[in-house]
Amino acid sequence: MTELPVPRVRFAPSPTGYFHVGGARTALYNWCVARRGEGQFILRIEDTDRERSDAAWTEGILSALSWLGITWDEGPYFQSERRALYAAAAERLYAGGHAYACDCTREAVEARTKNNAVPGYDGFCRDRGLAFVPGHALRFKVPDEGTTVVSDLVRGEVEFQNSTIEDFVVMKSNGDPLYVLAVVVDDLDMQVTTVIRAEEHLPTTPKAVLLWGVLGEGRPLPQYAHLPVLVNERRQKLSKRRDRVAVEDYRALGYLPEAMVNYLALLGWAPADGREILSRDELVAEFRLEDVNRSPAFFDEKRLAHFNGLYIRALPTAEFVERCRPFLYGAHGLFEPTSVDEAAFARLAPLVQERVATLGEVPGLVAFLFAAPFSPDAVAFEKAVLRDESAGETLEHMAAAVERGALDAADLRAALEQIAASTGRKLGKVQAPVRVATLGAAAGLPLFESLEELGRERVLERLRAAMARIDERG
Ligand code: GLU
């Protein structure tokens, strides 16, 4: 058996916006490869675009990765701190005759090339012998003939005709390195063995291969793996203007990181037996870049919510209670900390856990207990209480039963069943006004357990308030 090299992979986000679910998938695949091969996961922040990069976006990326449990072994390195390396590489390219200085303005290039069959730079400065000094850009001399092959674990061998690749800029006239130069310099310096990244980078990869050929001094190219794009239900590429793409948003909505990781892993890959629910360890053991699909992967929010619901239900109840806390009060919370009765919540938690797909739905189900002041949903109240001619009578009977001592869920159920029987109405019919009057919504947790938790005083108060509103209506 041939010994596989220990993988050194890197995740190299640009801190120019919210951390995208596509970025999270790329990070996860890198992480699986590193963990499986007992290699290293390097985190590199590609912040050479000074205008668009922001430390706050970097913070967001680090925090989202930590939340997902995607841990790094080296870094974060910042490209903005490594400019001297890129400048030195540019000098080497120039000195070795692999690159030349160029003083063409964009306008001049456009004017000269607008009618050319092959788009791109026309090589105007190739033989002008300009000095590589501030104010001049540096262009790589792409061979006129031959092909450059990108050997990709997902896409196979992708061949590019060199004649279609322009003499591309590696350093701007202001001394800023171009992305492709910085990436090659860093991947060499960091001894990266496998480049796993979004498909959108495939077109620039032949440029990286050409640069590597010169700067790499014979070192083998990294293995490339370009991951399929993520699309929405209309098969459009996910976009931050159109779709919910920020990992941070999913976190705030109450998705569990383990559900997110499981779901992200399946965007472009599946285990051989088609299993859907996989733990982190199973992912690490089974994930193979060779099995990544080339076709676009549908990012289906509904399916993600379904996964999340399964993960929520699998939590031990005590842990579920713990994870709900920030959604009840605190960072994403809906209630004042003082109005949340933890013991009451813990008692209802198993019923809540059965009914939610995200932790963000939890507060809505227990608002009847913790929201102050209590105010029933106006539409539901109108329909179930004010428009139902028998509602007044039902509420009165129910109030009388509670006053007489019906307290626990079984008593309350018996009382309402009796009301239904004595008035000749269906149980559902008499339940509706009671539910809306006391719990404030037409649907939610089981009625009788909720009433028991609410307690006699509040139940009576709410039933009476609803009766008063019926009377006001006349
Ligand atoms: N910085 C690039 C991005 O955020 C990634 C480049 C790479 O992985 O090579 O899309």
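Nothing here was measured: the structure is a model prediction, and the numbers come from that model.

The subject of this paragraph is the site of the ligand. Contacts to the ligand come from Arg10, Ala12, Pro13, Ser14, Glu46, Tyr179, Arg197 and His201. Here an oxygen atom of the ligand sits 2.9 Å away from a polar atom, N or O, in the side chain of His201. Protein coverage of the free-state accessible area of the ligand, which is 300 Å², stands at 82%. Looking at the shell around the ligand residue by residue, the classes come out as 3 nonpolar, 2 polar and 3 charged.

Moving on to the packing of helix α12 (residues 342-353) against helix α13 (residues 362-370). Close contact between α12 and α13 brings their axes to 11 Å; oriented N to C, the two are set at 140°. Relative to α13, the element α12 lies oblique. By crossing handedness, the relation of α12 to α13 is classed as right-handed. Of α13, the residues touching α12 (which contributes Ala344, Phe345, Leu348 and Val352) are Val362, Leu365, Val366, Phe368, Leu369 and Phe370.

The next point concerns unusual backbone geometry. Between Gly75 and the following residue, Pro76, the backbone shows a cis peptide bond with an omega angle of 0°. Checked against the element boundaries, Pro76 lands in strand β3 (residues 74-78). In this structure, Pro373 follows Ala372 across a cis peptide bond, with omega equal to -10°. Structurally, the position occupied by Pro373 is in the loop between α13 and α14 (378-386). Within the chain, Glu38 stands out as a residue other than glycine whose phi angle is a positive 50°. Residue class for Glu38 comes out exposed when judged on its relative accessible area of 68%. The phi dihedral of Glu217 is positive, around 45°, even though this residue is not glycine.

About the cut-offs
Residues numbered from 1 in each chain as written. Predicted model: local features only at pLDDT ≥ 70, side-chain atom pairs only at ≥ 80, totals over all residues. Heavy atoms only, no water. Near = heavy atom within 4 Å. Polar contact = N/O pair within 3.5 Å; in protein donor to acceptor, adjacent residues only side chain to side chain. Areas by Shrake-Rupley, 256 points an atom, 1.4 Å probe, with all protein chains shown as cover. Nonpolar A, V, L, I, M, F, W, Y, C, P; charged D, E, K, R; others polar. Axes fitted to C-alpha atoms, helices over the stretch in contact; angles between N-to-C directions. Helix = DSSP H or I, 4+ residues; strand = E, 2+ residues; numbered from the N terminus. Parallel < 35°, antiparallel > 145°, perpendicular 65-115°, else oblique. Left-handed = near helix turned anticlockwise from the far one by under 90°. Contact = heavy atoms within 4.5 Å. Buried < 20%, exposed > 50% of the residue type's maximum accessible area, 1.4 Å probe, protein only.

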